[in-house]
Each structure stands twice: as C-alpha cells, then as structure tokens.
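Reading the structure
The primary structure of each chain is shown beneath.
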Amino acid sequence: MYDFTPKQLELQKKVRAFVKEYIDPIAKESDATGVLPLSVFKAWSEAGLACLVAPKRVGGPELDAVTCTMIMEELGYADLGVATAFGANNLCSYPVLLAGTPDQQKKHFRPLLTGNYGSFALTEPNAGSDAGAISTTARRDGDEYVINGIKCFITQGGVAATYVLFALTDKSKGSKGMSAFIVERDRPGLSTGKVEDKMGIHASNTVELILENVRVPASHLLGKEGDGMKLAMMSLDAGRLVVAAQAVGVAQRAMDECVEYAKKRMDNGKSLTDQQAVSFKIADMATAVEAGRLLVYHGAMLKAAHRSYSKNSAIAKLFCTDMAMQVARDAMEIMGTYGYTKDALIEKIWRDARILSIYEGTNQIQRIVIANAVLR
Ligand SMILES: Cc1cc2nc3c(=O)[nH]c(=O)nc-3n(C[C@H](O)[C@H](O)[C@H](O)COP(=O)(O)OP(=O)(O)OC[C@H]3O[C@@H](n4cnc5c(N)ncnc54)[C@H](O)[C@@H]3O)c2cc1C
C-alpha cells in the first residue's frame, strides 16, 4: 500500500544516516538540558530538509505528503522532541503555501531554508481547542497593521526568526474576523515570555509570545482579512498527519526497545519472549503499529493526490497518538523496573509520547472533526 519509490528509499537512508550522526549523540543531553544545539538544525538545513514543504521555485525541496510522512516517521523514531522542533517549519509554512503571494513566499521561505526556525502562533491563554476565541488583535493603520496580544505554547517560538501569527482584524465577527500574518521576530514590541517546563519533548522549545503594538506592513497579511480561521484549520489538517506519522515512529521505537530487552532478559532460565503473555503483548503492539502506519500513509496518499483528507488526517492522529501511548506503556511494563529508570530510553519515550494526543488539536477535537465529516 505504501511501497516507497527508490528515491524515497534513498531519502530514508539519508535521514537515518543523519539521525545516527547528529541526533543520536545529542538526544539524551537535550532531554536533560532542554537545549537542542542549533548546529543540528543547521546540518538538517544543509541536508536540504529544513522546510520539507517549501516550493522548488523558492529553493525548497517541495516534497510530497508521502515523502514528508516518511521523514517525520523517521524523526519520531529518533527523538520526538527533535521531530517537533524540526516540524515547526512545516506547520508555519502551510498558510503561506495556501494563501501567500510569490513575494510573501519568498520572504517567508528564505529564512526557513537557511537554518532558521519558524513558528505557527495560534494558541492563546484563553483559546486552545476553541481557536476561534483568540483575542489578539491586528488593527489597520495606514499601510500597516498594529498587533497586540499574547500567544502561548508556541513551538520554537523562542528561537524562531519568523512567525505565522493569527489575530482578529474584526473583533465583531469572532472567528470570521481572524486573519493570518507573517511577523518577523525582530519587529519592535515582540518579545518572548514564559518558557514552558514540559514533561517531555525537551528538545523542542515552547514559549509565550508577547505582542505590544507590533507593526507589520499591510503586505504581510496572508490572503484576505477574515481568511485566518480557514487557513489555520487547513494547516492543522496537514499538521495532524505529521503528528500521526511521528506517533508511528515513536510506537515503533518503543516496541523495538522492548523487543531487544525482552529477548535478552532471562526469567527462570528462559528469555522473556518465551512467555506467551509477553509475546502476545508484543504481537498486539506490532498489530497496532502496522494499523497506525496504514492509516497515516493512506491519509498522506490522499493529500498527495489532492483529494479530501481532513477526516483521514483526524482519524490517523486520533488512532496513532493513542496507540503510541499504549505501546509505550506496554513496552515499559515488559521492561519492568529497568524501564522505569532513566537508563532506559523507554522512560523518555513514554514521557515524550504523552504530548501526541494533546497538541495540534486534542483527540477530543479529532473526534469532533471525524463525527462532523461522518454525520454531515
Ligand atoms: C508542547 C506543546 C506545543 C504546542 N505548540 C503549539 C504551536 O506551535 N502553536 C500553537 O498555536 N499552539 C501550540 N500548542 C497548543 C496546543 O495546540 C493546545 O494546547 C491544544 O490545542 C489544546 O488546547 P488547550 O491546552 O488550551 O486545552 P483546552 O482547550 O483547555 O482543553 C482542555 C480539555 O478539554 C477538552 N475539550 C476542549 N474543548 C472541547 C470540546 N469542544 N469537546 C470536547 N472536549 C473538549 C480537550 O480535549 C482537553 O482534553 C502546543 C501545546 C503544547 C503542549
């Protein structure tokens, strides 16, 4: 169903080699310190992968959805924190791909393709699942917009060079008055606030953004005033497939770690895998991972074929993220006390996996999307 082409297999090899050279050596340290060295991202950028969806005409790799999914699965397998950090450039690029003029695309993608991060800034203290409840405003003033408000939980927000930021251009219209803007980090009045101290995915940076009379040229508006909510939701459709792919990678890694351990661990003179209770659990994990993988690549194939995929992306995210948490839990169980220590990678995987069903729309929100599609 998802036979990779020789080109995709070549790229998979390249990503695996990158992981071995750059991510494996820093993963434990980044988890402990919360710092992902910029040199790792620069190397990713030099490998031509800094913004997978950037169009060829602006110098990007313009990879199709199946190839992006494959790469995100590999990164999820390597380290979900790094995958989340690298993935930020894709998420903030979808609104620009959907509505950006050629000039806006050049402006947005240039920094992202040259070793800089970008962020997608939608969430606010009083607007998480209900994104339409944002209160950040963008008031037109001559040839500029003046932006005021607070964004929170913004991935790579503290290290990004540019943001795609959502604000109300007409408060009276609620979510229909939401618009999307390109906002550079160095605009006067823009600062970062609280840095979140998270349970996992420590390699990714999660911060608050404070906007006090931040002026951007009117030419930074993406699409028309009022297009923001539509652009945000369409971008999240794409982002959810990415999260689902990362979840499959996380689950596969959890399973591989536990299989390796269980084969070696002796119990009453037998390997743990000789216990049917253990081998059946591993069989269930393998089944769940494979089912998740099929859902993700099916969604990616629909996207790549420019077919409707919003429901499939929500289904993939719902299934794969819960599945990853379950597989991580079962893998830790099989690894016993060792699995509960920081010596075991599964401890980190379990902490990292917990975020998957929360960000880019909680799994309750995925159920709303799926039910609306099924019942309409
Ligand atoms: C590590 C991390 C990185 C993030 N990165 C970004 C980013 O880069 N950019 C960005 O804009 N945001 C980002 N977010 C924000 C993230 O997308 C939101 O946290 C998420 O959408 C949930 O919002 P909330 O936390 O406010 O939960 P709430 O909306 O407060 O929801 C709380 C609970 O209520 C449930 N709930 C809420 N509404 C409903 C409903 N209508 N029906 C049923 N159940 C409901 C939810 O499922 C959840 O279980 C990030 C968050 C985290 C933790």
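Quantities reported herein were computed from a predicted structural model and do not represent experimental measurements. (Residues numbered from 1 in each chain as written. Predicted model: local features only at pLDDT ≥ 70, side-chain atom pairs only at ≥ 80, totals over all residues. Heavy atoms only, no water.)

A word on helix 3 (residues 65-78). In a regular helix each residue adds 1.5 Å, so 14 residues correspond to 20 Å; helix 3 covers 20 Å between its end C-alpha atoms and thus fits that length. Of all 14 residues in helix 3, 13 are buried; the element is thus mostly enclosed. The N-capping residue of helix 3, defined by a side-chain oxygen 3.0 Å from the backbone nitrogen of valine 66, is aspartate 64. (Helix = DSSP H or I, 4+ residues; strand = E, 2+ residues; numbered from the N terminus. Expected span 1.5 Å × (residues − 1). Buried < 20%, exposed > 50% of the residue type's maximum accessible area, 1.4 Å probe, protein only. Polar contact = N/O pair within 3.5 Å; in protein donor to acceptor, adjacent residues only side chain to side chain.)

Quick look at the site of the ligand now. Taken together, 20 residues surround the ligand, and among them Phe120, Thr123, Ser129, Phe153 and Thr362 come closest. Within the backbone of leucine 122, one N or O atom sits 2.9 Å away from an oxygen atom of the ligand. Threonine 155 is positioned with one of its side-chain polar atoms (N or O) 2.8 Å from a nitrogen atom of the ligand. Coverage of the ligand by the protein amounts to 63% of the 980 Å² it exposes when considered alone. Among the secondary structure elements, those contributing two or more residues to the shell around the ligand are strand 3 (144-155) and helix 12 (363-375). For the shell around the ligand, the residue count by class is 10 nonpolar, 8 polar and 2 charged. Two domains each put at least three residues into the shell around the ligand: domain 2 (117-226) and domain 3 (230-375). (Near = heavy atom within 4 Å. Areas by Shrake-Rupley, 256 points an atom, 1.4 Å probe, with all protein chains shown as cover. Nonpolar A, V, L, I, M, F, W, Y, C, P; charged D, E, K, R; others polar. Domains from an automatic or database assignment.)

A word on the side chain of aspartate 330. Here aspartate 330 is to be found in helix 9 (residues 310-334). By relative accessible area, which is 10% here, aspartate 330 ends up buried.

Turning next to unusual backbone geometry. What you tend to see is this: most non-glycine residues have negative phi, and most peptide bonds are trans. The backbone of phenylalanine 153 sits at a positive phi, close to 55°, despite the residue not being glycine. Backbone geometry at asparagine 213 places phi at a positive 50°, although glycine is not the residue there. Structurally, the position occupied by asparagine 213 is in strand 7 (residues 206-217).

It is worth spelling out the packing of helix 3 against helix 8 (residues 276-304) at this point. Running from N to C, helix 3 and helix 8 cross one another at 145°; their axes reach a closest spacing of 7 Å. Residues Ala65, Val66, Thr69, Met70 and Glu73 of helix 3 touch helix 8, and the partners they reach there are Arg293, Val296, Tyr297, Ala300, Met301, Lys303 and Ala304. Class assignment for the residues of the contact of helix 3 with helix 8 results in 8 nonpolar, 1 polar and 3 charged. (Axes fitted to C-alpha atoms, helices over the stretch in contact; angles between N-to-C directions. Contact = heavy atoms within 4.5 Å.)

This paragraph deals with helix 9. Counted at 1.5 Å a residue, the expected span for helix 9 with its 25 residues is 36 Å, and the 36 Å between its end C-alpha atoms agrees. Residue glycine 336 follows helix 9 closely and has a positive phi angle near 55°.

Per the stated rule, a full pass over the model turns up 9 aromatic pairs. Put simply, the rings of Phe18, Tyr22, Phe41, Trp44, Phe86 and Tyr117 pair up and form one aromatic cluster. (Phe/Tyr/Trp six-rings, centres within 6.5 Å; stacked < 30°, edge-to-face > 60°.)

Moving on, we get to the domain arrangement of the chain. Taken domain by domain, the chain comprises domain 1 (6-112), domain 2 (117-226) and domain 3 (230-375). The straight-line distance from the C-alpha centre of domain 1 to that of domain 2 is 22 Å. Counting residues at the interface gives 26 residues for domain 1 and 20 residues for domain 2. Both faces combined, the contact of domain 1 with domain 2 buries some 1900 Å², and carbon together with sulfur accounts for 70% of it. At the boundary of domain 1 with domain 2, the tally comes to 1 salt bridge. Between lysine 107 and glutamate 184 there is a salt bridge; the shortest N-O distance is 3.9 Å. Inspection of the region where domain 1 meets domain 2 yields 4 residue pairs in polar contact (both at pLDDT 80 or more). Secondary-structure elements contributing two or more residues to the side of domain 1 that touches domain 2 are helix 1 (6-33), helix 2 (38-46), helix 4 (80-91), helix 5 (94-99) and helix 6 (102-112). If you tally residues by element for the side of domain 1 that touches domain 2, the top one is helix 4, at 9 residues. (Buried area = accessible area lost by both parts, 1.4 Å probe. Salt bridge = Lys/Arg side-chain N within 4 Å of Asp/Glu carboxyl O.)

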